[in-house]
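# Survey of secondary and tertiary structure
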Amino acid sequence: MPDRLGVFMQPMEYKGNFFNGAFHKADKNAWEKYSPADLKDHVFTAYENQEHVDQAVDSAREAFKTWSKLSLDERKAALLRLKQVYQDREEYIARCISRETGKALWETRGEAKALAAKIDITINASLDLVKDQKVSAAVGDLDGYIRYKPKGVMAIVGPFNFPAHLPNGHMIPALLTGNTVVFKPSEMTPATGQLMAEMVQAANLPAGVFNLVQGQVDTSKRLVRHDYVDAVLFTGSYETGLRIKQDTLSHYWKSLALEMGGKNASFVWKDADLDKAVYDCLFGAYASAGQRCSCTSRILLHKDIHDAFLEKFHQAAKKIQIGYFEEDVFYGPLINEASMERYLRFQQIAEREGHEKIMRGKQLDVGKEGYYVSPSIYKINESQKDSVFEHEEIFGPSVAVYSVDSWEQSIELINDTSYGLAASVFTKNRQVYLDAFYEIKAGNINWNRPTCGASSKLPFGGEKKSGNGWPSGHFAVYYCTSPVSAIEDDSGFDSTKIATGIQWD
């Protein structure tokens, strides 16, 4: 790949699916990937072979026998080699992601840097959560132990919006705790998926520890339904997460960590720092063109500051720079034509439902043919229980704004959603925030911060349709392991402790 990504770049070389430590080319069901930032840029041609799913799982099962028995220090050494590869290729990773997703370089550079950071965080902090624990006098005078064992083969089904960082967030704790992995990237980001396998190969991880299968819906189904997959780790939409749950209903032994969508709210109280609240809500609503599960979808404004906030927010939204990722832009295009059409359709839905248009989203001409859209703002003068616009996840740069009279009304509106991923409270009064914290039904609740921009040093998960109770981030080591109890006795046989009713000669 050249240092600077131009319009007429060559497609990235297709190498195939990755298992048993090598690439194996598939030759079925080809699909083309063009950059959503420039539809003339042919990024990649991917192929599918569902039989490779079985071979990849077999590869992971075989590798588990030895990888799980290595010492933690040996696994750490292998992952630190991968960390070095990540660091050596940071700019390459960022540009690959930008080219494939259209995301601005400032954002993908952050994503690329986070790959190595996840290894450090897991080694230096998260692994402490699953250290062996001694329980003195667990039974009588005998000591007990809690030891965390790896689960086995973990299927990772990745998203398109953070195609390296989010799968890596599953992969690193899975590998460090002794599991092996089969990664199925989003069909919208196959090139980044292959890049992940190339970096594992460059780090010389043992064969079969990490495996890659490219494919579309049927490949995902075959992987998550596979009898020898012990856990499914997923990040994506609620609808896809629900299908994974349905596909594995009879596989009661499988662990499912499902990170799904959001309809996140920011609550701005009357004493908030107005400029900070406006900026943070603007960032939260429109980062990644709204294509984050944690993006701000709804803003609840106390009536005393409603008009001033909305005017500042509207003026700032009109000045957001949108365009090709190599330019100084805040966000780029939506991922594909279907996403753009869905976003534009929601503009019609909002107006049909009677919501007040402050700024209408529309397709943009930025000098390159792509799926670029402007941000949108709609004022909700009267909330409707059956409103599609108010309750469905749009996954685009759209925000609904409400005026509220009281704290109680705000909490009621924040919780009036089937999702429960993230929320923010803007106030100078810490007690107002803490009162809201314990009332809001969400897995991530911030004070004077955007709803998005999570830390890998903290848990990341959601309630209701946003997750199934297995938070990622710092807590990922929990869904990668099983706590096993042991009562240990090295004292020898004691004939004075024979149970009543047993005749012992």
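Before reading on, note that the structure itself is shown above.
What counts, and at which threshold
- Residues numbered from 1 in each chain as written.
- Predicted model: local features only at pLDDT ≥ 70, side-chain atom pairs only at ≥ 80, totals over all residues.
- Heavy atoms only, no water.
- Axes fitted to C-alpha atoms, helices over the stretch in contact; angles between N-to-C directions.
- Helix = DSSP H or I, 4+ residues; strand = E, 2+ residues; numbered from the N terminus.
- Parallel < 35°, antiparallel > 145°, perpendicular 65-115°, else oblique.
- Left-handed = near helix turned anticlockwise from the far one by under 90°.
- Contact = heavy atoms within 4.5 Å.
- Polar contact = N/O pair within 3.5 Å; in protein donor to acceptor, adjacent residues only side chain to side chain.
- 1 Å grid on protein atoms, 1.4 Å probe; cavity = no way out; pocket = protein on both sides within 12 Å on 5 of 7 lines; lining within 4 Å.
- Points joined across faces, edges and corners; volume = space filled by probe spheres on them.
- Nonpolar A, V, L, I, M, F, W, Y, C, P; charged D, E, K, R; others polar.
- Patch = residues over 30% accessible without salt bridge, like charges linked within 9 Å, V, L, I, M, F, W, Y side chains within 5 Å.
- Areas by Shrake-Rupley, 256 points an atom, 1.4 Å probe, with all protein chains shown as cover.
- Salt bridge = Lys/Arg side-chain N within 4 Å of Asp/Glu carboxyl O.
- Buried < 20%, exposed > 50% of the residue type's maximum accessible area, 1.4 Å probe, protein only.
- Expected span 1.5 Å × (residues − 1).

## Examining the packing of helix 2 (residues 72–88) against helix 6 (residues 190–202)
- Packing of helix 2 against helix 6 brings their axes to within 8 Å, and their N-to-C directions diverge by 125°. Taken together, the axes of helix 2 and helix 6 lie oblique to each other. Helix 6 is crossed by helix 2, and the crossing has right-handed handedness. Here L82, V85 and Y86 of helix 2 lie close against helix 6, whose contacting residues are M196, M199, V200 and A202.

## Structural notes on the side chain of T427
- Structurally, T427 is set in the loop between strand 18 (422–426) and helix 14 (430–439).
- At a separation of 3.0 Å, a polar atom in the side chain of T427 contacts the main-chain amide nitrogen of N429.

## A closer look at the environment of G453
- By the secondary structure assignment, G453 is in the loop between strand 19 (444–447) and strand 20 (459–460).
- Measuring from C-alpha to C-alpha, the distance between G453 and R292 comes to 9.6 Å, with 161 residues separating the pair along the chain.
- The contacts of G453, once residues within four sequence positions are left out, are R292 and S294.

## Some words on empty space enclosed by the protein
- Counted by the stated rule, this structure contains five cavities of 30 Å³ or more.
- Taken as a whole, the largest cavity encloses approximately 80 Å³ of empty space.
- Lining the largest cavity are 15 residues, and of these G290, S297, I394, F395 and G396 sit closest to its centre.
- Grouping the amino acids of the lining of the largest cavity by side-chain chemistry returns five nonpolar, seven polar and three charged.
- Considering only enclosed or pocket space, the second largest cavity measures out at about 70 Å³ in volume.
- Every residue lining the second largest cavity is counted, 15 residues in all, and those nearest its centre are R298, I414, T417, Y419 and A422.
- Those elements giving two or more residues to the lining of the second largest cavity turn out to be strand 12 (264–268), strand 17 (419–420) and strand 18.
- Its residues assigned to classes, the lining of the second largest cavity comprises eight nonpolar, four polar and three charged.

## Notes on a nonpolar patch on the surface
- On the surface, F493, I502 and W504 cluster together into a nonpolar patch covering about 400 Å² of accessible area.
- Among the secondary structure elements, F493 is positioned in the segment after strand 23 (481–488).

## Points about the side chain of H52
- With respect to the helices and strands, H52 occurs in helix 1 (residues 51–67).
- If we ignore the near neighbours within four places in the chain, the residues touching H52 are N17, F19, H24, K25, A26 and V213.

## Points about the pattern of salt bridges
- All told, the structure shown has 25 salt bridges when counted by the stated rule.
- A salt bridge links E111 to K103, with the nearest nitrogen and oxygen atoms 3.1 Å apart.
- In this structure E111 comes out as buried when scored by relative accessible area, which is 3%.
- The exposure class assigned to K103 is buried, which follows from its relative accessible area of 6%.
- Put simply, E91, R95, R109 and E326 are held in one network by salt bridges that share partners.

## Re the environment of D73
- Tracing the backbone shows D73 in helix 2.
- On the accessibility criterion, D73 (56% relative accessible area) is exposed.
- D73 sits 121 residues away from Q194 along the chain, and the two C-alpha atoms are 28 Å apart.

## Considering helix 9 (residues 274–286)
- When the terminal C-alpha atoms of helix 9 are compared, their 18 Å separation across 13 residues agrees well with the 18 Å that a helix rising 1.5 Å per residue should span.
- Remark: S288 follows helix 9 within two positions and exhibits a positive phi of approximately 60°.

## A look at unusual backbone geometry
- The phi torsion at N204 lies on the positive side, around 60°, for a residue other than glycine.
- Tracing the sequence through the fold places N204 in the loop between helix 6 and strand 9 (210–212).
- Despite not being glycine, K464 shows a phi value in the positive range, around 55°.

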